[in-house]
Protein chains: 2
Amino acid sequence: MAVARTLSRYWKSRDDLIQAPRVVFISNPSDGGRETYNEVLTAGVEQLIRIWRDESRVNVERGTQKLPIWGNQIIRYTNRDEENTRFAAGHATRVAFKDQQIAEINLKLPSSIGVGTGARRAMVGAAENIVGLHLGKVAFITGGSAGIGGQIARLLALAGAKVTMVARRASELEAARDRIVDELLDMGAASVERRVKIMPDVDVSDFESLKRAFTATLDEFGRIDYLINNAGVAGGEDMVVDMDVEVWRATLNANLLSNYVLMHEAVPLMKAQGGGYVLNVSSYFGGEKFLAVAYPNRADYAVSKAGQRAMAEAFSPFLGPEVQCNAIAPGPVAGDRLAGVGGRPGLFLRRARLILENKRLNAIYAAVIRAVRDGAPLDRALNRLSGNSVSAMSHDSQAPQELRRLALDFAAQGDGICTWDQFLLTRPLAARLVSRLRLGGYLLDLPDWRAAPAERTADGNWLVSEPPDDLPFLPEGLVAKDAEKIGQGVLSQLHLGSMPTEEEVAQATVFFLADRAVSGETFMPSGGLRVERSNTEREMFGSPKSERLAQMRGRTVWIIGDHLSDYVAATVRRMIVECGVAHVVIIARTAEGGDAVVALLEDCPRAPVHVIVAGEDFEGAMDQALVTWPRPTTVVSMPTEPLPDRLFDADAPLAPDAFARVVDRNLTQHFRVARKASLYDDCQLVLVTPDIPVGADGPAFALANFIKTTLHAFTSTLAVENERLVHDVPTNQINLTRRVRSEEPRDEAEHQEELTRFARAVLLVGAPLPDAQDSRYRARIYRGTSMTV
Amino acid sequence: MAVARTLSRYWKSRDDLIQAPRVVFISNPSDGGRETYNEVLTAGVEQLIRIWRDESRVNVERGTQKLPIWGNQIIRYTNRDEENTRFAAGHATRVAFKDQQIAEINLKLPSSIGVGTGARRAMVGAAENIVGLHLGKVAFITGGSAGIGGQIARLLALAGAKVTMVARRASELEAARDRIVDELLDMGAASVERRVKIMPDVDVSDFESLKRAFTATLDEFGRIDYLINNAGVAGGEDMVVDMDVEVWRATLNANLLSNYVLMHEAVPLMKAQGGGYVLNVSSYFGGEKFLAVAYPNRADYAVSKAGQRAMAEAFSPFLGPEVQCNAIAPGPVAGDRLAGVGGRPGLFLRRARLILENKRLNAIYAAVIRAVRDGAPLDRALNRLSGNSVSAMSHDSQAPQELRRLALDFAAQGDGICTWDQFLLTRPLAARLVSRLRLGGYLLDLPDWRAAPAERTADGNWLVSEPPDDLPFLPEGLVAKDAEKIGQGVLSQLHLGSMPTEEEVAQATVFFLADRAVSGETFMPSGGLRVERSNTEREMFGSPKSERLAQMRGRTVWIIGDHLSDYVAATVRRMIVECGVAHVVIIARTAEGGDAVVALLEDCPRAPVHVIVAGEDFEGAMDQALVTWPRPTTVVSMPTEPLPDRLFDADAPLAPDAFARVVDRNLTQHFRVARKASLYDDCQLVLVTPDIPVGADGPAFALANFIKTTLHAFTSTLAVENERLVHDVPTNQINLTRRVRSEEPRDEAEHQEELTRFARAVLLVGAPLPDAQDSRYRARIYRGTSMTV
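Along every chain, residues carry numbers that run from 1 in the direction the sequence is written. Whichever chain is written first is A, and whichever ligand is written first is 1; the rest continue in order. The predicted origin of the model limits local features to residues at a pLDDT of at least 70 and limits the giving and counting of side-chain atom pairs to 80 or more, whereas totals for whole chains, interfaces and linings rest on all residues. Just so you know, side-chain values use all the structure's heavy atoms and leave hydrogens and water out.

1. Description of the overall build of chain A
Where helices and strands are cited, they refer to DSSP runs of H or I of at least four residues and of E of at least two residues respectively, numbered from the N terminus. A count of helices and strands for chain A gives 26 helices and 20 strands. Buried means the residue's accessible area, taken with a 1.4 Å probe over protein chains only, is under 20% of the maximum for its type, while exposed means over 50%, and partly exposed covers the values in between. Across the 789 residues of chain A, 62% fall into the buried class. It only takes one pair of heavy atoms within 4.5 Å for two residues to be counted as in contact. Partitioning the intrachain contacts of chain A with sequence separation of at least 6 by distance along the chain shows that 81% fall at a separation of at least 24. The accessible surface values rely on the Shrake-Rupley method and a 1.4 Å probe; as for residues, cover is taken only from the protein chains in view. Within the structure as shown, chain A displays about 29,200 Å² of accessible surface, and the carbon and sulfur contribution to it stands at 52%.

2. Overview of the environment of Ala-412 of chain A
Residues and elements named next belong to chain A. Along the polypeptide, Ala-412 turns up in the loop between helix 14 (401-411) and helix 15 (427-439). Judged by its relative accessible area of 68%, Ala-412 is exposed. Between the C-alpha atom of Ala-412 and that of Gln-422, which follows or precedes it by 10 residues, the distance is 9.6 Å.

3. Here we look at a negative patch on the surface
Residue and element names in this part refer to chain A. Within the patch definition used here, like charges are joined within 9 Å and nonpolar side chains (Val, Leu, Ile, Met, Phe, Trp, Tyr) within 5 Å, considering only residues with over 30% relative accessible area and no salt bridge. The working definition used for a salt bridge is a side-chain nitrogen of Lys or Arg within 4 Å of a carboxyl oxygen of Asp or Glu. In summary, the charge assignment counts Lys and Arg as positive and Asp and Glu as negative, without counting His or the chain termini. Every charge is mapped onto a representative atom, which is NZ of Lys, CZ of Arg, CG of Asp or CD of Glu. There is a patch of like negative charges on the surface, built from Asp-645, Asp-649, Asp-651 and Asp-697. Counting through the fold element by element, Asp-651 comes out in the loop between strand 17 (632-637) and helix 23 (656-677). Owing to a relative accessible area of 78%, Asp-651 belongs among the exposed residues under this scheme.

4. Notes on the pattern of salt bridges
Two side chains that carry opposite charge are able to pair once their charged atoms sit near each other. Residue and element names in this part refer to chain B. The full count for this structure, using the stated rule, is 74 salt bridges over all chains. Its salt-bridge partner being Lys-485, residue Asp-482 comes within 4.0 Å of it at the nearest N-O pair. Residue Asp-482 and its partner Lys-485 are located together in helix 18 (residues 476-493), separated by three residues, close to a single helical turn. For Asp-482, a relative accessible area of 17% translates into the label buried.

5. Thoughts on the side chain of His-751 of chain A
Its place among the elements puts His-751 of chain A in helix 25 (residues 748-766). Polar contacts here mean pairs of N or O atoms no more than 3.5 Å apart (in protein, one a potential hydrogen donor and the other a potential acceptor; neighbouring residues in sequence count only if both atoms are side-chain atoms). Here Asp-566 of chain A takes part through its side chain, which lies 2.9 Å from a polar atom of the side chain of His-751 of chain A.

6. Some points on the packing of aromatic side chains
The relative placement of two aromatic rings is captured by the distance of their centres and the angle of their planes. Only centres within 6.5 Å qualify two rings of Phe, Tyr or Trp (six-membered ring in Trp) as a pair; their planes then separate them into stacked at under 30 degrees, edge-to-face at over 60, and tilted for everything else. This model, assessed by the stated rule, comprises 42 aromatic pairs over all chains. Ring geometry for Tyr-226 of chain A and Tyr-277 of chain A: centres 6.2 Å apart, planes at 85°, overall edge-to-face. With a gap of 51 residues between them, Tyr-226 of chain A in strand 7 (residues 226-229) and Tyr-277 of chain A in strand 8 (residues 276-281) connect regions that are remote in the sequence. In this pair, the class of Tyr-226 of chain A matches that of Tyr-277 of chain A, namely buried. Each ring, one from Tyr-295 of chain B and one from Tyr-301 of chain B, has its centre 6.2 Å from the other, and the planes form 65°; the classification is edge-to-face. For the pair Tyr-295 of chain B and Tyr-301 of chain B, a shared accessibility class is recorded, and that class is buried. Counted as over-ring charges are cases with an Arg CZ or a Lys NZ within 6 Å of the ring centre that also lie within 35 degrees of the ring normal. Lying across the ring of Trp-420 of chain B, Arg-360 of chain B places its NZ or CZ 3.9 Å from the centre.

7. Some details on helix 21 (residues 565-577) of chain B
Residues and elements named next belong to chain B. Compared with an ideal rise of 1.5 Å per residue, which puts 13 residues at 18 Å, helix 21 spans 18 Å between its outermost C-alpha atoms and is within 8% of the ideal. Within helix 21, 10 of the 13 residues are buried, which leaves the element mostly enclosed by the surrounding structure. Those residues of helix 21 that are buried lie in contact with strand 14 (556-560), strand 15 (583-588), helix 22 (591-599), strand 16 (609-613) and helix 26 (748-766). Expected span, for any helix, means 1.5 Å times one less than how many residues it has.

8. Description of the packing of helix 23 (residues 618-628) of chain B against helix 24 (residues 656-677) of chain B
Residues and elements named next belong to chain B. What counts as an axis is a line fitted to C-alpha atoms, over the stretch in contact for a helix, and the angles between N-to-C directions run from 0 to 180 degrees. Relative orientation of the contacting elements helix 23 and helix 24 amounts to 35°, with a least axis distance of 10 Å. In this structure, helix 23 crosses over helix 24, and the sense of that crossing is right-handed. For the pair helix 23 and helix 24, contact is made by Phe-618, Glu-619, Met-622 and Asp-623 and by Gln-669, Arg-672, Val-673, Arg-675, Lys-676 and Ala-677, respectively. Amino acids are sorted into nonpolar (Ala, Val, Leu, Ile, Met, Phe, Trp, Tyr, Cys and Pro), charged (Asp, Glu, Lys and Arg) and polar (every other residue, Gly among them). Of the residues belonging to the contact of helix 23 with helix 24, the class tally is four nonpolar, one polar and five charged. Throughout, a crossing is termed right-handed when the near helix is turned clockwise from the far one, and left-handed when it is turned anticlockwise from it by less than a right angle.

Keep in mind these values describe shape, not function.
The structure is reproduced here in structure tokens:
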């Protein structure tokens, strides 16, 4: 203490120092007893260093001191090697002369220098960066019992870290822990059991269990250096139009909100510690920086994975300089998940089945819709289908022509074992069919069908007969062939022609975790997947052609979401005055919001404007609009409330439920609207990301960029899915948020210009669009884009 | 041999094997002598394995064998440890049961197991991935004596690799080698001198010296696993309009073509070895995947760095599965280069000086051009300037008004030490001024000034007086302040608020090199730089407004490059028929090329079409067009010859000089045109990337994508530079190459549609554009874009 006081005074009085002062305390190798005395002393010195660091930082800020003082202590009594003194001295020299400030106060000598560092002699240079890479670090890994997470846990433990693995099942966690411990013991490592901990009964969907496990780890190890958000779920594996809102929410909770819940716990802790690292394990199908990848039938998964990446990219400026935040995005990995775990079929097999089932459903759904377009009563079509017999349907003169033709096709698709060629549908497929018709508003005038029965799957009960249980419905030979084709398609995209193993990806990750300079980035451990991508940051060029605008004359347009009343009003005005739209239906969340829009329409004919106040029931409001006015040619889904302007502020951080609300309003709302509008005929769907008030900066801007990137995964996926539906609704996204603050409107004049540009953007992608069959080029550029105003 | 034959027959006859057969040969620990017998045996087994691998691969392809056989041998006599047997056995087990095929045939036991792996006991698990990370690998590093390259060499050596460092100066190389060797010896490593080699007198601009060093390394170590293209030059550090073609070429030679020269050597070798890794050390300022970053005053450097990255991205599919090819793109790094090496000022200081000098030059140049626009004779303006006195100019009633106003400004900018407030220009700045006027064609009617004197710098001799040598011209206080501002601007962009050290970047790189699954990617070891980016893959939306097209009536348009005659003809037709352009000047490389375009214009008025045959003298042809017709409103620079359809084919690889020709025709040509056209008034510049013939696939497609990405670094940089010039020439790029083959035209109908789209794209960015002052949004999107047709 006396030495510290003297040094402190000395340094404070000197202003000719070239480098910031460094102090390194070295503890005794042993107190000769049970190290109790050493431990008390160490704790005291630790506290001294902590206060000293803080005090000198404050002094520097106040200007009463020129250079900050940085201290560390080297703890020797964990080691009994002969080289103890030399090694500690070398270490102290390096610490004292290093420019970088080592955040950890206590630097423990490895219990065995040889094992810990691979060296036989005390090093003056330094190879400890490579060996003992994560020595003494504490890692908290969700889903660490298997897959990539399990390998990360294993390699981190091998690299010297303390590791807590949390997952649901105790048995799997125990097995994983035992494997790691055995391996470490084989290597001759000591006190292994104390370094590798497991916590069962933790579910990423159960935020309270997550928080408990995090706190328990902190209690156990005293600090947490690495938060590795690895666990997640596969999601609904369904098309957007077939996906329940609850399934969508469950995926986002488990894969995305769980990450935020843990970051909310970890970031203040890591800032206080002076260092930390958050790693989100995303996926190649979560896209790349500024690029979205469409992942049909996996929209919920793709959105959650894009969100994990977007969090790292958008939030990291608010975590530094203490906390690094990055993502990794592995491509397909040869391992459990791909092959199928616990008797579950592997990914490619599941996809093949899904695609085949979807093709059947889409074909029958298209036939039904075409029959309705031709004027056939929908309930009759459903009644003809309910027999569920391929052979009966093909001879049924009462059935719509297209359904009969389909049945003839199906009859030729059997393989002798399955019932694919005998039955039209299974109960789950029949339930999806009715659900689509209900979502699309086609059952609104059929009282028997209008409302969903209490149990959703009961919707399939309208089938009179269903395929027997003892025979497969799907032709499994065809499924296997398709699965192989999907797998080979993936392989052919990989530059190296092979998928990495879980261990290879984990190794790359463990190395990536050692990089102390990187934040806000996404690392792709397996490169070369060349699937089609779509730019998130596309800018608006040109204007819509007048022929396209002319097609809007006399039509109906919906604008859902009233928060940005001036943007809504600017768009409504242009649509009425310039395009001659007959009905503009504003579906507002509140009556005040609707009034605010109408108040801004003074200079515009009011007759075409109708307001529905939806409250939280957007679906009901959409159905109401359907039965009141002609079907819409354009549906614009807009933000319904402003973004919070907080994130990881020390005083008032954004609480997880507030973050969940941002996700609900800006992602789930678009999903709810899109799920219905994708089932309308002759409709264009436009999704709008949040605006930032003029002059606002900081967290709200980061949140808006997070939404923009994450939503684009949805937009691009839905655009591809919709090409497979008979309605072929083009879906595009308009961003009111730019990449960098300097591009945002700076004053009222630029805000006014933005309003004009926004209205033009809505028309550019919202006016009737070229058919996909018409021109490949024109069709593509207007589908799934993300365009910044 | 007999065992091999028996095993081979056995495996060939079995078709019920679950896993591909593996064979591991283990050599004797010692032959009791000088290991000569062992060495002969090892060489024999190596050859046997090589043939066996190859034969079984061919058999599998032919279908005469089901699973390929893979062999390795473990060489023990390099090791004398007691644990030799146990360690080798454990190693053999792992090799035999590993799914991954280890490309290296010979797996040498480390000379000391303890040092090599950090283990005291033979491991059954496996931690050798982390310790001894690059054991036995051979690395060839250009520019390994200092900076990031030096640290990579050091860390690779620490990780067990054999390293050859090549650079120019022997003294620096020796110092670097000695440091590494000392450090390794300190760690207790053995036979260090044999593992760390240096080769002086190697210059990346001297391709023969590079090839010699590569061959010498191969002779020395018998193989090369890592080619690390690290060395490079800073480039011209000048605006494009001030940069000599020779300087541009020198930068591209040293930083880009050198990489290809070495890849051309390394790839066949690595394919034959069964494995290898090419790492191009690019830069953050080379952009990111699908994104360009503008780097004003460093266009040559930015293009070379973008090219290094584009090579990895575009070429890697042609190198796999044996060879990985990636890039790293470090941001600013705290180290020698930033601080300044060998008495040279550091990067920020150099930039500050450059920016200040450029501001002065741009101001005087703008004043001269404005005077000419107002009708003042140019030679009189130059004569008034030649006095080079700030005070005289400010009172000179004969001088143009704007020059006098400028001089008054300058007079107030001194700091009492410099001559910045007394002299208008230095000789080098005066030379640049004249060079710009000559390039822009403003001196064509002034015989005294028209041609450059033999020595370029002599162009500054028209100054009657110049600043004295004993006083600085620049106000160094202001320079230092600006340099600090630049540095702090960079820091504020980094999420972690600090620049990584060279060692940190090198460590990340050495880890990245250990990832066996990644190819075609660019790794950013220091994330978080949020400079403005521009999308390379932007798609064309909308059409040009008719008001803009109307402005082309009666104007002149140039199209330079005749290779794509149908694209040229389609554009010319639309310009004449639709826009009423008065003169279309086609600057063709050959007479036949010009004729081919004219022949396609049958249905179009021919009177406005003029052809100049340029040969290789594009500059001369441009000057000729300037004096013959009114100045152009649009200059379109197009490809002049088709791309080769070869790359790393075993039989006929693309030779380095053929690759150099691709670069010359598709990058340097655009630079030559742009350098002049950026100095024209009221002009829009359009650069076009190569087309791929319908149906062509493979290497030409990769080369086109390489060009597209690399050129965009130029386009986006030039666009920013041009906003600083009085002419403010908007520059944009049109891509005839798409990201993926499936988006390319598939038949004649789609090719025709592409011609139409191309002509529209040229008008979209080539018709007179909104002024940057007019609207920030509109101005930005039409500057520096890269738009795919």
